[in-house]
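Letter by letter, the chains look like this.
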Amino acid sequence: MTPDDETIRITRGQGGEVEVSGRIDAVAKELLLRAGFLFLPALRGRVWVRLPFDLGRDWENKHATWAADMLSTARYHVHLDPDLRYTPPDEPAPPARPPAMTAQTPPSRPQRR
């Protein structure tokens, strides 16, 4: 769990960037890096945690949802903005398979009766 059980917040900022705030320890940092987040230096020695710019809202939503799911699985308290939640589009059904063939005796063996 995060120290003091502080919630990690994944939000879309005013400029449209997806960023993370809250207390992030080493495990949370690794999970966010795996999901594609960048850790960039900011003013006053702080670190700005965000996704890369201009990769599309769908890509950002997928990676934000992925990060939130990984953090939740690791038992962190996570708040993901509802507009960042990725829901996959309805996928078409897989093609129908032909019926399975029944087992038959090999042609080289005589059939038993």
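Please read all numbers here as calculations on a predicted model, not as lab measurements.

1. What about the overall build of the protein chain?
And step 1. Along the backbone of the protein chain there are two helices and five strands.
And step 2. Ordered by position in the sequence, the α and β elements of the protein chain form the string β-β-α-β-β-α-β.
And step 3. Per-residue burial for the protein chain yields a buried fraction of 27% across its 113 residues.
And step 4. Surface exposure of the protein chain reaches about 8700 Å², of which carbon and sulfur atoms provide 53%.

2. Quick notes on the sheet that holds strand β2 (residues 18-21)
And step 1. Strand order in the open sheet formed by five strands is β3-β4-β2-β1-β5, with mixed pairing between adjacent strands. The open sheet has two edge strands with one neighbour each: β3 (38-41) and β5 (78-80). Averaged over neighbouring strand pairs, the angle between their axes works out to 30° when direction is ignored.
And step 2. Note: strand β1 (residues 8-12) against β5, three bridges, orientation parallel. Its bridge partner lying in β5, I10 is registered against L80.
And step 3. Set on the sheet, helix α1 (residues 26-34) makes contact with β1, β2, β3 and β4 (47-50); between it and β3 the angle comes to about 110°.
And step 4. Packed on one face of the sheet, helix α2 (residues 57-73) meets β1, β2 and β5 and runs near 170° to β1.

3. Here we look at the nonpolar core
Soluble globular proteins tend to pack their nonpolar side chains together in the buried interior.
And step 1. Counting residues in hydrophobic clusters, the biggest one holds 19 residues, and the most contacted among them are I10, V18, V20, L32, F37 and L71.
And step 2. Sorting elements by how many residues they give to this core places α2 first, with five residues.
And step 3. Residue contacts for L32: discarding those within four places in its chain leaves V20, I24, F37, F39, V49, A67 and L71.

4. Thoughts on α2
And step 1. Here α2 is 17 residues long and its end C-alpha atoms lie 24 Å apart, about the 24 Å a rise of 1.5 Å per residue gives.
And step 2. Among all positions of α2, only E60, N61, H63, A64, T65, A67, A68, M70 and L71 are buried.
And step 3. Of the residues one or two after α2, R75 is the one with positive phi, at around 70°.

5. A few points about the side chain of N61
And step 1. Within the element layout of this structure, N61 appears in helix α2.
And step 2. Under the relative-accessibility criterion, N61 is labelled buried at 13%.
And step 3. Setting aside residues up to four positions removed in sequence, N61 forms contacts with R12, D83, L84 and Y86.

6. Notes on the pattern of salt bridges
And step 1. Applying the stated rule across the entire model yields five salt bridges.
And step 2. Between E60 and R12 there is a salt bridge, with the nearest N and O atoms lying 2.6 Å from each other. Residue E60 is found in helix α2, and its partner R12 is found in strand β1; the two are separated by 48 residues along the sequence. R12 carries the same exposure label as E60, and that label is buried.
And step 3. Between D83 and R12 there is a salt bridge, with the nearest N and O atoms lying 3.9 Å from each other.

Conventions used here
Residues numbered from 1 in each chain as written. Predicted model: local features only at pLDDT ≥ 70, side-chain atom pairs only at ≥ 80, totals over all residues. Heavy atoms only, no water. Helix = DSSP H or I, 4+ residues; strand = E, 2+ residues; numbered from the N terminus. Buried < 20%, exposed > 50% of the residue type's maximum accessible area, 1.4 Å probe, protein only. Areas by Shrake-Rupley, 256 points an atom, 1.4 Å probe, with all protein chains shown as cover. Pairing = 2+ DSSP bridges. Axes fitted to C-alpha atoms, helices over the stretch in contact; angles between N-to-C directions. Contact = heavy atoms within 4.5 Å. Core = buried A, V, L, I, M, F, W, Y, C linked by side-chain atoms within 4.5 Å. Expected span 1.5 Å × (residues − 1). Salt bridge = Lys/Arg side-chain N within 4 Å of Asp/Glu carboxyl O.

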